[in-house]
Structure formats: C-alpha cells, structure tokens
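# Results of the structural survey
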Amino acid sequence: MTHPITVSRLNEQIKSLLESTFIQIRVEGEISQVTYHTSGHIYFTIKDDRSALSCVMFRSNARNLRFRLEAGQHVVLGGAITVYVPRGNYQMMVQTAEPYGAGALSVAYEQLKKRLADEGLFSSERKKAIPRTIRHIVVVTSKTGAAIQDMIRVASKRWPLVKITLVDTLVQGAEAAQEIASHIAYADTLGADVIIVGRGGGSLEDLWAFNEEAVARAIAACKTPVVSAVGHEVDTLISDFVADMRAPTPSAAMEQILPDKIEMLYALDEMMERMERRMHQILLLKTQSLQSAQRQLEQHAISKKITIQLQDIRQLAVQMHRQMRRVLQQKEESLRPLGIQLEYAKTQLFQKKGQQLQSLEAQLISLDPRHKLRPGFVQLVKDSRVTTLESIREGDRVRLEDGKFVAEARIESIRSNES
C-alpha cells in the first residue's frame with residue numbers, strides 16, 4: 001500500500017513536472033475575459049471550441065506588447081506553464097503575444113486608430129486651418145536626417161522670407177515617441193504659424209513612433225496648426241489622421257503650405273494692375289461726386305446766398321436810385337415856381353433891407369456925437385469908451401476928441417467946481 005502524501009507535496013510535484021516539461025510553448029486560441037490590473041499585469045483566458053486555459057502576462061512583458069489584448073482576438077501566445085501551489089491551479093505565464101495571421105503592429109495600428117477616431121480626434125470640425133500668410137515654421141525632426149535639408153531647400157526656393165526653427169528630436173527607436181511628443185508640446189510654445197512633424201521614409205518599424213498614442217495626443221493638444229509629413233506618399237500613419245494637414249512627404253509639406261514666390265510676383269503684378277484700374281475708376285467716381293457736391297454746396301452755401309442777396313440789394317439800389325431821381329425831378333419841377341418866387345421875394349427883401357440900411361446909416365451918421373459937438377466942445381474917451389470926468393482918476397490916460405481932432409492926455413489932478 002502506497003504511503004499517502006500531503007496536498008502541498010502533490011501540488012509541488014505537479015508544479016515541478018509541468019514547469020520542467022512545458023518550459024517554452026506556443027499556444028493558439030481565442031482570448032476571453034481580459035482583465036487589465038492596476039499593477040500592470042494582464043489576466044485573461046485563451047480557448048478553443050473544447051477547452052480553456054488561464055493565462056497571465058506580467059507587467060515586465062506587458063510593457064513590450066505592441067497591441068491591446070481584447071476579447072475575441074485570435075492570437076498566438078508564447079510562454080511556459082506554471083502552477084500556483086496554494087490553490088493547485090495551473091496557468092500559462094505568457095511572455096509574447098501575436099495576432100494570428102496578422103502582425104502585431106498592424107493590429108496595434110488599427111486598435112489605436114479606431115479608439116482615437118471614436119474620441120473624435122480625427123474629426124474635421126476640430127482641425128485648424130493653415131494660415132495663408134506664414135512667417136515662421138517650427139520643424140520637429142532630426143537635424144541629421146535628409147528630411148530637414150529637403151524642407152529647407154524647398155522653402156528657400158518657394159518663399160525665402162519664411163523663418164524656420166528646427167527642434168531636433170529622435171524619429172525612431174523605443175524612446176522616440178515620448179521625445180517627439182514632448183518636443184511637439186515645446187514647439188507649440190514658440191509662437192510659430194505652423195508646426196511640421198515628420199521624417200523621411202523607412203519601414204513600418206522605423207516610422208512606428210508616429211503611430212504611438214503619445215504623439216497623436218500631443219498633436220491634438222496643439223494650439224498651433226500641425227502638418228504631419230512622415231515617410232513617403234504610400235505611408236499613412238496615426239499622426240496623419242490627427243494633424244490638421246497631411247503631407248505625403250516632408251518636402252511636399254513646404255510646397256503645400258508656402259506660396260510660390262514666382263506665382264506670387266505674377267499675382268502681385270495682376271493685383272497691382274487691377275488695383276490701378278479700380279483706383280482710377282474710384283478716383284473718377286469720387287471726382288464726379290465731389291464736383292456734384294461742390295455744385296450743391298455752392299448753391300446752398302452762405303457765400304452763394306450772400307451773392308444773391310447782394311445782387312438783390314444792387315437791383316433794389318438801382319431801383320431806389322431811379323425812383324429817387326424821379327421823385328427829385330418831380331420835386332424839382334414843383335419847386336421851380338417856388339424858386340422863382342423865392343428869388344423874387346429875396347430880391348424885393350434885399351432891396352427893402354438895403355433901403356432900410358441906408359436909412360439907418362443916415363440916422364447913425366446923424367447921431368454920431370462927433371458930428372453933434374459944438375465948436376469949443378470935446379468928448380472924453382477912456383479905454384475906447386466915452387466917459388465923464390466923474391469916472392476918471394488921477395494918472396489915467398484919456399483922449400479928447402471933437403469932430404476933427406484927437407488929443408491924448410494924462411490926468412494930473414481932478415477938482416470940483418463947487419469948491
């Protein structure tokens with residue numbers, strides 16, 4: 001009779017047997033019941049039409065997974081069998097996972113594309129317009145790649161006035177995606193008109209950094225319009241869908257966003273001719289309008305009104321002058337008889353007054369004291385006035401006059417006859 005062993009001992013022997021037998025296996029099946037744990041581990045089940053197998057992919061291996069495990073996927077798993085002794089359960093410890101019949105990169109590409117599209121990151125409504133006038137471009141690419149030289153060459157030929165700022169970055173490799181994303185965010189702070197993100201051609205693995213979610217979200221977060229210019233025309237990447245514009249190649253990006261200086265010069269010449277013709281038309285119309293306004297202004301201006309009023313005043317003055325002449329003529333005619341009468345009355349008056357004057361003159365002569373003095377008598381004159389002896393004083397100078405002679409004297413003394 002066999003000696004019994006403990007459960008733990010049995011599970012340990014099973015663990016040793018399974019793990020030593022199934023060291024490296026590949027299993028094909030359909031995934032179900034996927035759980036992404038917060039620790040980074042992935043727990044799921046793989047099954048076919050008759051059986052199921054529990055699986056675990058630890059965080060160290062899950063970091064290298066290019067696509068997301070989802071229920072219903074047909075995959076090929078690589079790993080080993082392990083036993084969890086406390087419960088007696090066995091499971092597959094998955095080290096690698098690949099889509100059955102398709103590459104992991106293709107599946108990862110389609111998964112991310114669908115998820116970002118469902119979020120609206122590819123929507124045309126959120127895309128920003130590329131400015132028509134571009135003065136400053138920031139290019140996020142490798143400074144050693146051929147892409148930047150092609151872009152500078154095309155830009156110099158088409159529009160040499162543009163300023164190009166290069167943000168040197170990795171464009172392939174495991175660390176490229178995070179560096180590209182951070183440099184896109186930096187480029188968005190430089191105040192450029194456009195950001196170009198790109199590189200030259202290569203394999204899908206070489207271009208894969210531009211299919212990473214970090215790069216896609218960095219492009220979507222930009223306030224500056226972004227042009228994706230990665231690889232060749234046949235390459236279509238996640239960055240192309242998220243960007244505001246896709247260019248088939250880096251050099252084509254410059255051709256699409258920059259004007260051709262030759263075409264611009266022709267356009268400027270045509271624009272100048274149209275502007276000159278239009279300005280001539282406008283000038284002609286404005287001149288006619290100004291002349292019309294000037295005529296209206298002259299008709300309504302105060303100076304025009306004053307001129308009209310002055311003309312009216314002149315006409316009134318002429319009329320008044322004529323009227324005054326007619327009135328004066330009438331008055332002159334009516335005054336002419338009066339003038340004759342007045343002249344006659346004046347003559348009569350002058351004659352009468354002349355006669356009266358002659359009479360008064362005769363009277364005056366007859367009353368002149370000098371003619372009335374009797375012989376031996378004189379009149380006493382002081383200060384050109386006839387006076388009496390009573391009014392004179394000693395020392396006065398007087399004149400003694402009669403009708404023929406004048407004698408000047410000085411009074412020496414005065415006496416009264418009564419004494």
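The structure we're discussing is the one just above.
Keep in mind that what you see is a predicted model, and the values were worked out from it rather than measured.

## Quick word on the packing of helix α4 (residues 146-158) against helix α9 (residues 250-257)
Packing of α4 against α9 brings their axes to within 8 Å, and their N-to-C directions diverge by 25°. By the angle between their directions, the pair α4 and α9 is classed as roughly parallel. Every pair of crossing elements has a handedness; the one defined by α4 and α9 is right-handed. Counting all contacts with α4, which are made through A147, D150, M151, V154, A155 and R158, the residues of α9 involved are P250, S251, M254 and E255.

## Quick look at the packing of aromatic side chains
Under the defined criterion, the tally for this structure stands at one aromatic pair. The ring centre of Y36 lies 4.1 Å from the NZ or CZ of R68, which sits over that ring.

## So, unusual backbone geometry
In this model, Q33 sits at a positive phi of 50°, which is unusual for a non-glycine residue. If you trace the backbone, Q33 turns up in strand β1 (residues 25-36). Among the residues examined, Q33 registers a relative accessible area of 62% and is labelled exposed. Although it is not a glycine, D383 adopts a positive phi angle of roughly 55°.

## What about the packing of helix α5 (residues 176-187) against helix α7 (residues 213-220)?
At a minimum axis separation of 8 Å, α5 and α7 run at an interaxial angle of 10°. By the angle between their axes, α5 is roughly parallel relative to α7. Across the interface between the two elements, A177, Q178, I180, A181 and I184 of α5 pack against A214, V215, A218 and I219 of α7. By residue class, the composition of the contact of α5 with α7 is eight nonpolar, one polar and no charged.

## Considering the sheet that holds strand β3 (residues 52-57)
With mixed pairing, five strands are arranged side by side around a closed barrel as β1-β2-β3-β5-β4. Neighbour-to-neighbour, the strand axes of this sheet turn through a mean angle of 50°, independent of strand direction. As judged from the five bridges shared by β1 and strand β2 (residues 42-47), these two strands associate in the antiparallel manner. Bridge pairing in β2 places T35 opposite Y43. Those strands touched by helix α1 (residues 7-21) are β4 (74-84) and β5 (89-99), and its axis lies near 140° from that of β4.

## Brief notes about the nonpolar core
L77 and I184 are the most contacted members of the largest nonpolar core, which totals 55 residues. It is α5 that contributes the most residues to this core, six residues altogether. Residue contacts for L77: discarding those within four places in its chain leaves I25, R26, V27, F44, I46, C55, M92, V94, T96 and A97. Membership of the second largest hydrophobic core comes to 19 residues, among which are A147, M151, A155 and V227.

## Examining the pairing of strand β13 (residues 397-401)
When strand β11 (residues 379-382) meets β13, the two strands line up antiparallel, connected through three bridges. Its bridge partner lying in β13, Q379 is registered against E401. When β13 meets strand β14 (residues 406-410), the two strands line up antiparallel, connected through five bridges. The partner of V398 across the bridge, within β14, is A409. Connecting β13 to the next strand, β14, in antiparallel fashion are four residues.

Conventions used here
- Residues numbered from 1 in each chain as written.
- Predicted model: local features only at pLDDT ≥ 70, side-chain atom pairs only at ≥ 80, totals over all residues.
- Heavy atoms only, no water.
- Axes fitted to C-alpha atoms, helices over the stretch in contact; angles between N-to-C directions.
- Helix = DSSP H or I, 4+ residues; strand = E, 2+ residues; numbered from the N terminus.
- Parallel < 35°, antiparallel > 145°, perpendicular 65-115°, else oblique.
- Left-handed = near helix turned anticlockwise from the far one by under 90°.
- Contact = heavy atoms within 4.5 Å.
- Phe/Tyr/Trp six-rings, centres within 6.5 Å; stacked < 30°, edge-to-face > 60°.
- Lys NZ or Arg CZ within 6 Å of the ring centre and 35° of its normal.
- Buried < 20%, exposed > 50% of the residue type's maximum accessible area, 1.4 Å probe, protein only.
- Nonpolar A, V, L, I, M, F, W, Y, C, P; charged D, E, K, R; others polar.
- Pairing = 2+ DSSP bridges.
- Core = buried A, V, L, I, M, F, W, Y, C linked by side-chain atoms within 4.5 Å.

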